[in-house]
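Below are the chains, spelled out letter by letter.
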Amino acid sequence: MSTQKPKRIGILTAGGDCPGLNAAIRGVGKTAIVDYGMEVIGFTAGFSGLIEKDFVELKESHLSGILTLGGTILGTSREKPYKVVKDGENDKPELIKQHYQELGLDAVVCIGGNGTMKTAARLQQEGLNVVGIPKTIDNDVWGTDVTFGFDSAVQIATEAIDRLHTTANSHQRVMIIEVMGHHAGWIALYAGMAGGGDIILIPEVEYNIRSICKKIEQRYQSNKPYSIVVVAEGIDHPKKVSAAAHVGEAIHTFTGIETRETVLGYVQRGGSPSPMDRILATRYGSFAAQCIAEGNFGSMVAVRNNLLTTVPLEEVGGKLSLVEADNPLIMKARKMGVAFGDEYELM
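Residues numbered from 1 in each chain as written. Predicted model: local features only at pLDDT ≥ 70, side-chain atom pairs only at ≥ 80, totals over all residues. Heavy atoms only, no water.

(A) Looking closely at the packing of aromatic side chains. Within the structure shown, the criterion is met by three aromatic pairs. Positioned above the aromatic ring of Phe-254, the side-chain terminus of Arg-210 is 4.4 Å from the ring centre. A cation over a ring is seen here: Lys-319 above Trp-142, with NZ or CZ 4.1 Å from the ring centre. (Phe/Tyr/Trp six-rings, centres within 6.5 Å; stacked < 30°, edge-to-face > 60°. Lys NZ or Arg CZ within 6 Å of the ring centre and 35° of its normal.)

(B) Fine view of the layout of surface pockets. Considering only enclosed or pocket space, the largest pocket measures out at about 950 Å³ in volume. Elements supplying a minimum of two residues to the lining of the largest pocket: helix H4 (114–125) and strand E6 (174–179). The leading source of residues in the lining of the largest pocket is H4, at six residues. Surrounding the second largest pocket, Val-146, Phe-150, Asp-151, Val-154, Tyr-190, Met-276, Asp-277, Ile-279, Leu-280, Arg-283, Val-303 and Asn-306 form its lining. Sort the elements by how many residues they give to the lining of the second largest pocket and helix H9 (residues 275–293) lands first, with five residues. Residue composition of the lining of the second largest pocket, grouped by class: eight nonpolar, one polar and three charged. (1 Å grid on protein atoms, 1.4 Å probe; cavity = no way out; pocket = protein on both sides within 12 Å on 5 of 7 lines; lining within 4 Å. Points joined across faces, edges and corners; volume = space filled by probe spheres on them. Helix = DSSP H or I, 4+ residues; strand = E, 2+ residues; numbered from the N terminus. Nonpolar A, V, L, I, M, F, W, Y, C, P; charged D, E, K, R; others polar.)

(C) Seen up close, a positive patch on the surface. Taken together, the side chains of Arg-78, Lys-80, Lys-83, Lys-118 and Arg-122 make up a positively charged region of the molecular surface. Tracing the sequence through the fold places Arg-122 in helix H4. (Patch = residues over 30% accessible without salt bridge, like charges linked within 9 Å, V, L, I, M, F, W, Y side chains within 5 Å. Areas by Shrake-Rupley, 256 points an atom, 1.4 Å probe, with all protein chains shown as cover. Salt bridge = Lys/Arg side-chain N within 4 Å of Asp/Glu carboxyl O. Lys, Arg positive; Asp, Glu negative; His and termini not counted. Charge placed at Lys NZ, Arg CZ, Asp CG, Glu CD.)

(D) Layout of the side chain of Arg-173. Residue position: Arg-173 is located in the loop between helix H5 (150–171) and E6. Sequence-distant contacts of Arg-173, that is, excluding residues within four places in its chain, are made with Thr-167, Ala-168, Tyr-220, Pro-225, Tyr-226, Ser-227, Glu-258 and Arg-260. (Contact = heavy atoms within 4.5 Å.)

(E) Broad picture of the pairing of strand E4 (residues 107–112). Summarising burial for E4: six of the six residues are buried, a large majority. Residues Ala-107, Val-109 and Ile-111 of E4 are buried on one face, and the alternating residues Val-108, Cys-110 and Gly-112, pointing to the opposite face, are buried as well. For strand E1 (residues 8–13) and E4, the ladder comprises five bridges, and the chain directions are parallel. Bridged to Gly-10 within E4 is Val-108. (Buried < 20%, exposed > 50% of the residue type's maximum accessible area, 1.4 Å probe, protein only. Pairing = 2+ DSSP bridges.)

(F) The sheet that holds strand E10 (residues 299–304), seen in detail. Strand order in this open sheet of seven strands is E3-E2-E1-E4-E5-E10-E11, and the pairing throughout is mixed. For this open sheet the edge positions go to strand E3 (55–58) and strand E11 (307–312), each flanked by a neighbour on one side alone. When the angles between neighbouring strand axes are averaged without regard to direction, this sheet yields 30°. Pairing analysis gives four bridges linking strand E2 (residues 39–43) to E3, with the strands arranged antiparallel. Along E3, the bridge assignment pairs Phe-43 with Phe-55. The sheet contacts of helix H1 (residues 21–35) involve E1, E2, E3, E4 and strand E5 (130–134), and relative to E1 the element is tilted by about 175°. (Axes fitted to C-alpha atoms, helices over the stretch in contact; angles between N-to-C directions.)

(G) Molecular detail of the packing of helix H6 (residues 186–194) against helix H11 (residues 328–335). Contact geometry for H6 and H11: axes closest at 11 Å, N-to-C directions at 40°. Judged by the angle between their axes, H6 and H11 are oblique. When the axes of H6 and H11 are compared, the crossing they make is left-handed. Contacts between H6 and H11 pair Leu-189, Tyr-190 and Met-193 from the former with Leu-329, Ile-330 and Ala-333 from the latter. Among the residues making up the contact of H6 with H11, the classes are represented as six nonpolar, no polar and no charged. (Parallel < 35°, antiparallel > 145°, perpendicular 65-115°, else oblique. Left-handed = near helix turned anticlockwise from the far one by under 90°.)

Laid out in structure tokens, this is it:
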């Protein structure tokens, strides 16, 4: 029998919550325990748990029954250990290294988005063994084709758009729905297409409000008495109002057509993950445990062409995966008459 001490690893979930976090925790933990005989602990509230040495031991029994749960059993926070403070003193990175050593950790799995991957890369440079798992409903983490949480958000947004169709048709209105995504238009593009949106506005395609109005007027002239406008929160708009309110007011001003706005908000981040997100998060989690067993540190697990791979963490931080203007889905949408607000050159 081997007398080698089993590896001991930590898991944390940082940044905003999203569907699939518990599935990822389960994927890491079960694979680490069952297949590799590792010891697993979970840090509470993201990087705060590492800073404050606040953790729980995770046994296989703790990981049962969490696959379908939304949120995260470990909790999360937006703690940024390397954020510069006013007095210039910041002992958080040192505390993290100290606690990492005191707990006898061989690696830490950091589950999060862009900010989490950036912090994870810096911790790797400090001498910690780190593996990252990309999550966010925004789907904007560079280096992977898709993040878990995205499919669930698209599903929620699509259902909302479906429901707006009946009201828009009944009252012959323009219905505007604003979805999340920060600087990326992935949710708006996919939910807009899945929900039959007539106009889709994303940050990556510059729009002209008069062009939008012309499209709506053309629809009315073609006996299409209502329109669905899907708006990404990150489009250019005045900061004092929501993107949906800005677009809605402009449409009503220039066309006189009654408009209503719906801001979907945080509901997109809650609830049980979709089947696809459960599978993706599980794949990511299990592969992260495999990376630790093989000593593949300083990397983020990723999917490219539906194959699992890794990307150096140092290459991920500070970059965003955005929708290209010539994205095939945009090209197909345009051929079907979907507008993106840039169709007409107007003064």
